[in-house]
Amino acid sequence: MQKLLLTLCLIGGLFTVLAGQKKITLEDIWQTYEFIPESVSGFNYLADGKSYTRLEDNKVYSYDLESGKRTTTVLDGGALGKVKGYNGKIDSYEFSDDESKILISSDTRQLYRHSTEAYYFVYDREAKTLKPVNSTQRHRLASLDPSGTKVAYVADNDLYFKNLLNDQVTQVTKDGKVNEIINGATDWVYEEEFGFDRGFQWSPDGQRIAYYRFDEAAVPEFTYTDFHGELYPEYNTFKYPKVGENNSKVSVHSYDLKAAKSMEMLAVNDNEKDTWHYIPRINWTRNAQQLAVTRMNRFQNALELLLIDAKTNERSTLLKESNKYYIDITDNLYFLKDGKQFVWSSEKSGYNHLYLYDMKGKEINQLTTGNWEVTNFYGVDEAKGQIYFQAAKRDPMQREVYVKSLRGRDNPRPVAADPGTNSANFSSTYDYFVLTNSAINQPASYQVMKGDGSPVRRILDNAVLAEKQLEFGAVEADFFQFDTERGTTLNGYMMKPANAGNGREVPLLMFVYGGPGSQQVVDNWRGQNYWWFQMLVQKGFAVAVVDNRGTGGRGEEFKKMTYLELGKYETEDQISAAKYLGGQDYIDKDRIAIFGWSYGGFMALHGILQGSEVFAAAISVAPVTSWKWYDTIYTERYMRTLKENEKGYENNSPVNFADRLKGKLLLVHGMGDDNVHFQHTAEMANALIMANKQFDTYFYPNRNHGIYGGPTRLHLYSKMTNFLVDNLRPQVSRNLRDPNADKLRIQRDLPANNQPAGAGRNKSDLRNKRKKSPELKSNGG
């Protein structure tokens, strides 16, 4: 049935909506989760390369890749019987190499943001038996050896393994102690900043276990408080190295199962005299006696990849890298089966690319070249001599999947290059992959493809969610580019009410993250915030996102130019973006707000403080407010230490600029945040109080950096929405033809000269300054 247009006049006539168009509510987004897309979850390829399994409704089913037909029920989580520690629900599962065993986890509990502990069990498919790995307590990081006859795990900071043939348990280490020694797992800062928590690996033959040992005794402690309705709160104390403080002393060991003893392979110490400070990766090569170990200096601008013999402890250097800024750690290391070569990624050309080396460390070939970035390395099809990778080759805002010869100098050939973002999950034989494609206006679709890029079948396309976009009247997000006053071209996207313009101006919310190497302006599905932005558009807001200098996808110089000055150039660019967007004929330059979370919260504070003449309001969630209060690995990578870079810290910490606040500020933090501590917001609040600046605050007891659980997100987004509506008044339409239009402008705190903030600026001034800048226009999407 054809929809009728209905015009609703709200104080000057802002909205034109379609009759029958449904209103998006916060309850839809954060309570009933009306808009969560379908996904291919619990997915595992089987060794034949032609079938896969999925965890659905507590059952593991196998499917044929080509037909999509369910072939068998591999495991029924509800029919495994009563085994101590098993709560009847499968949380995760993985197969042994020969697929005769399945390792499952149950009753999982969160530790920090990424790490968990659970009860683990091994299911024998032939015997149809379920054995607990350790029935006495939750344990961590259980992993089957290549033969499927042993399983290693961590409990009470010690490393163990269990022989599944005779149920004998061997304790590999015995000195584990909370807040002192960790064996087989990582400390907090490695987990958070180097991106892994499993600190051990089985050798290819299952006869050795390489493992980390962290001595964190000298690392300073941090305590946060949980409130649970008891007479006294609970204090959580853990080791957290802030800038310039002691890190853990880290060593790598190899345990020989036959000899039943460990050997230290490499150690790095926490002192200024030591060149090497971190060991961010260990990887077994194809040789079961050779371990590859990556080590770095404290400032992370020098790296060595070592080859260490697990039997003799002899070592050699495979490669060295140094950088005038810093080196990012990735998992792009692949040893070929012939034991003679390996693939490695590096930014040494100015863009992230793939290289082929021999085992003496000689570069054989640069596999990918050009002024574009390899954004993911999927692996090597050694049978065909091909590499597969994802890249932002045609546009920094897009992603394609490519194949290229491992030996020749052929150009990369796209196997998945539909508009938007393409990612791949390859089978073990590389004969097939599951393609995920999404765009900023299109939820993800999943398709089975052959290795050469030819389509096989569609798994799901989120057609129901796409229909909801129409049902709820979702507007298009349009990409744009503009040039700043400094001549830098920046990318952005915009959502706006359909009738914005034609003499009517609307308020603008700018969303920002902006941290090193990140990207928000990417042509992919943007998740729950997409729907919140759509809801704000329905209320009369425009929403824009701009990627500042320091973000990813555009090469090393663009990304690393913020070195030693985190916040400076990013803030300049967000202010420039606000001025540019405020110069458009449909944006009210006096009603622009900025919102961000984590690094974005840091940026939102900088925006409202450093750009007080531009931003009328800001929402800052879980912000860093001084870099000296953040952790060693992340902060020193980009800023070095406070001792070496005092001005960089001083000039780029929002807590030092509280006296500049003129607009409206909402400051939000989780009090159980183990990452960006509540300390940051408490100190920011204190600085604002001492500057006699009014602001709004919302604190969330017991919530971590993600601020979630139960109705928490609904509560938070309700406050943020109300804050924006109350302070930017989207129901008010500034009609430029109305002589009384100025009466509708938002009122901010008056500066000392009693002139309204931003007084004296006008749109013609802004436009004249930007005659060379391209107009705001759709750039695809």
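Student: In this structure, what is going on with the overall build of the chain? I would like to understand it.
Tutor: When helices and strands are counted, the chain shows 12 helices and 46 strands. Each principal axis of the C-alpha atoms in the chain carries an extent, and together these give about 90 × 65 × 65 Å. Residue pairs in contact within the chain that sit at least 24 positions apart in sequence constitute 58% of those at least 6 positions apart. Put simply, the chain shows about 32,500 Å² of open surface, and 46% of that area lies on carbon and sulfur atoms. Mean positive and mean negative side-chain charge positions of the chain (96 and 98 charges, respectively) differ by 3 Å.

Student: What should I look at first to understand the side chain of Thr632 in this one?
Tutor: Considering the arrangement of structural elements, one finds Thr632 in helix α8 (residues 632-639). The residues touching Thr632, leaving out its near neighbours within four places in the chain, are Val189, Pro241, Lys242, Val243, Gly244, Glu245, Asn247, Tyr278, Arg298 and Arg637.

Student: Would you mind showing me how to read the packing of aromatic side chains here?
Tutor: Geometrically, a pair of aromatic rings is defined through the distance of the ring centres and the angle of the planes. As enumerated under the stated definition, the model contains 60 aromatic pairs in all. Aromatic side chains Phe482 and Tyr580 sit 4.7 Å apart centroid to centroid with 5° between the ring planes, which places their arrangement in the stacked category. Here Tyr580 lies in helix α6 (residues 568-582) and Phe482 lies in strand β38 (residues 478-483), a separation of 98 residues in the sequence. Overall, Tyr580 belongs to the buried group, its relative accessible area being 3%. Aromatic rings pair up to connect Tyr325, Tyr326, Tyr513, Tyr563, Tyr599, Phe602, Trp627, Tyr630, Tyr634 and Tyr638 into one cluster. Its end group placed over the ring of Tyr355, Lys348 keeps NZ or CZ at 4.5 Å from the ring centre. One residue, Lys496, lies across the ring of Tyr586, its end atom 5.2 Å from the ring centre.

Student: What am I meant to see in the sheet that holds strand β10 (residues 129-132) here?
Tutor: Two orientations exist for strands paired in a sheet by backbone hydrogen bonds: parallel and antiparallel. One open sheet holds the four strands; their spatial order is β7-β8-β9-β10, and the pairing between them is antiparallel. Edge positions in the sheet fall to β7 (92-95) and β10, since each has one partner strand and no second. Across the sheet, the mean angle from the axis of one strand to that of its neighbour is 25°, orientation sign disregarded.

Student: What exactly am I supposed to notice about the sheet that holds strand β33 (residues 413-416) here?
Tutor: Strand order in the open sheet formed by four strands is β30-β31-β32-β33, and the pairing between neighbours is antiparallel. Since the sheet does not close on itself, it has two edges, and those belong to β30 (373-381) and β33, each with one partner. Taken pair by pair, the neighbouring strands of this sheet meet at an average axis angle of 30°, ignoring direction. Of the strand pairs in this sheet, β30 and strand β31 (residues 386-392) are connected by seven bridges, and their pairing is antiparallel. For Gly379, the partnering residue across the bridge sits in β31 and is Tyr388.

Student: Honestly, helix α7 (residues 599-610) in this entry has me stumped. Any pointers?
Tutor: Structurally, the α-helix is built with 3.6 residues per turn, so residues lying three or four positions apart point the same way. With 12 residues, α7 should cover 16 Å at 1.5 Å per step; its first-to-last C-alpha distance of 16 Å lies within 8% of that length. With respect to burial, α7 is a largely interior element, 11 of its 12 residues being buried. Along α7, the residues that are buried comprise Tyr599, Gly600, Gly601, Phe602, Met603, Ala604, Leu605, His606, Gly607, Ile608 and Leu609.

Student: What am I meant to see in the pattern of salt bridges here?
Tutor: A full pass over the atoms with the stated rule returns 37 salt bridges. For Glu471, the salt bridge identified is with Lys22, shortest N-O distance 3.2 Å. Residue Glu471 is found in helix α3 (residues 463-471), and its partner Lys22 is found in the loop between β2 (15-18) and α1 (26-30); the two are separated by 449 residues along the sequence. On the basis of relative accessible area, Glu471 is assigned to the partly exposed category, the value being 28%.

Student: Any chance you could explain unusual backbone geometry here in plain terms?
Tutor: Of all residues except glycine, most have a negative phi; of all peptide bonds, most are trans. Within the chain, Lys128 stands out as a residue other than glycine whose phi angle is a positive 55°. Relative to the helices and strands, Lys128 resides in the loop between β9 (116-124) and β10. Phi is positive for Tyr430, which is not a glycine, with a value near 65°. Relative to the helices and strands, Tyr430 is located in the loop between β34 (421-426) and β35 (432-439).

Student: What's the story with the packing of α6 against α7 in this structure? I'm lost.
Tutor: Two measures define how a pair of helices packs: the angle their axes make with one another and the distance between the axes. The interhelical angle for the contact between α6 and α7, taken along N-to-C directions, is 65°, at an axis separation of 10 Å. Handedness of the crossing formed by α6 with α7: right-handed. Residue-level inspection shows Glu570, Thr571, Gln574 and Ile575 of α6 in contact with α7, the latter providing Tyr599, Met603, His606, Gly607 and Gln610. A class-by-class count of the residues in the contact of α6 with α7 yields three nonpolar, five polar and one charged.

Student: It is not clear to me how the environment of Asn722 should be interpreted in this structure. Could you clarify?
Tutor: Along the chain, Asn722 falls in helix α11 (residues 712-728). A relative accessible area of 43% places Asn722 in the partly exposed class. In this structure, the C-alpha to C-alpha distance between Asn722 and Arg549, residues 173 residues apart in sequence, is 31 Å.

Student: Looking at this structure, I do not really get the side chain of Arg399. What am I missing?
Tutor: Here Arg399 shows up in the loop between β31 and β32 (400-405). Within the buried core, Arg399 has no salt-bridge partner, and the shortest N-O distance to an opposite charge, that of Glu400, equals 6.8 Å. Reaching out from Arg399, the side chain makes a polar contact with the backbone oxygen of Pro396 at a distance of 2.8 Å. Apart from the residues lying within four places of it in its own chain, the contact partners of Arg399 are Thr375, Gln390, Ala391, Ala392, Gly420, Thr421, Asn422 and Gln519.

Student: I'm lost on the packing of helix α4 (residues 528-538) against α11 in this one. Help?
Tutor: It is the contact of α4 with α11, at a shortest axis distance of 12 Å, that shows an interaxial angle of 30°. Compared by their axis directions, α4 and α11 come out roughly parallel. Where α4 crosses over α11, the two elements pack in a sense that is right-handed. On α11, the residues that touch Asn529, Trp532, Met535 and Leu536 of α4 are Tyr717, Met720, Thr721 and Leu724. Counted by class, the contact of α4 with α11 contains six nonpolar, two polar and no charged residues.

Thresholds, definitions, all that
- Residues numbered from 1 in each chain as written.
- Predicted model: local features only at pLDDT ≥ 70, side-chain atom pairs only at ≥ 80, totals over all residues.
- Heavy atoms only, no water.
- Helix = DSSP H or I, 4+ residues; strand = E, 2+ residues; numbered from the N terminus.
- Contact = heavy atoms within 4.5 Å.
- Areas by Shrake-Rupley, 256 points an atom, 1.4 Å probe, with all protein chains shown as cover.
- Lys, Arg positive; Asp, Glu negative; His and termini not counted.
- Charge placed at Lys NZ, Arg CZ, Asp CG, Glu CD.
- Phe/Tyr/Trp six-rings, centres within 6.5 Å; stacked < 30°, edge-to-face > 60°.
- Buried < 20%, exposed > 50% of the residue type's maximum accessible area, 1.4 Å probe, protein only.
- Lys NZ or Arg CZ within 6 Å of the ring centre and 35° of its normal.
- Pairing = 2+ DSSP bridges.
- Axes fitted to C-alpha atoms, helices over the stretch in contact; angles between N-to-C directions.
- Expected span 1.5 Å × (residues − 1).
- Salt bridge = Lys/Arg side-chain N within 4 Å of Asp/Glu carboxyl O.
- Left-handed = near helix turned anticlockwise from the far one by under 90°.
- Nonpolar A, V, L, I, M, F, W, Y, C, P; charged D, E, K, R; others polar.
- Polar contact = N/O pair within 3.5 Å; in protein donor to acceptor, adjacent residues only side chain to side chain.
- Parallel < 35°, antiparallel > 145°, perpendicular 65-115°, else oblique.

None of this, on its own, says anything about what the molecule does.
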